[in-house]
Amino acid sequence: YALGNILYKIAVGNSPWKYNFNKAKKILEEHKEKITRTKLKGGKPKVPDEVKNSEDPSIQAVLTAMDRCYRNDPDIRPSAREISDYLNKKFLTIGRKSN
């Protein structure tokens, strides 16, 4: 799950959950409680539309990997190795298409 937060930061450029609170500079205690409740219900941090709708295949690959990391059930959540392998394969494919 935590790897999803790192991938979010890579794709979006901000820490997860800030967009849920109007780009708050600091997440307050009341925000933390809401985040916890959202996570327990299977919620994920919002991805800004300009990132979500990006046509950049590398951004889309990172978003897909991030989404997989955010699966609630740890039994179906991929390992860091599986995410690494997925991204390596995607980036190699993207590199071949651009050449």
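In this text the structure is predicted, and so the values were computed from the model without any measurement. (Residues numbered from 1 in each chain as written. Predicted model: local features only at pLDDT ≥ 70, side-chain atom pairs only at ≥ 80, totals over all residues. Heavy atoms only, no water.)

Undergrad: Describe helix α5 (residues 80–98), listing the residues and the values that go with them.
TA: Under the 1.5 Å per step criterion, the end-to-end length of α5 is 27 Å for 19 residues, consistent within 8% with the ideal 27 Å. For α5, the complete set of buried residues consists of Ile 83, Tyr 86 and Leu 87. When α5 is viewed along its axis, its buried side chains cluster within an angular range of 95° and face the same direction. Exposed residues on α5 whose side chains face more than 90 degrees from its buried face are Arg 81, Lys 89, Leu 92 and Arg 96. The elements touched by buried residues of α5 are α1 (2–12) and α4 (57–69). (Helix = DSSP H or I, 4+ residues; strand = E, 2+ residues; numbered from the N terminus. Expected span 1.5 Å × (residues − 1). Buried < 20%, exposed > 50% of the residue type's maximum accessible area, 1.4 Å probe, protein only. Arc of directions from axis to C-beta. Contact = heavy atoms within 4.5 Å.)

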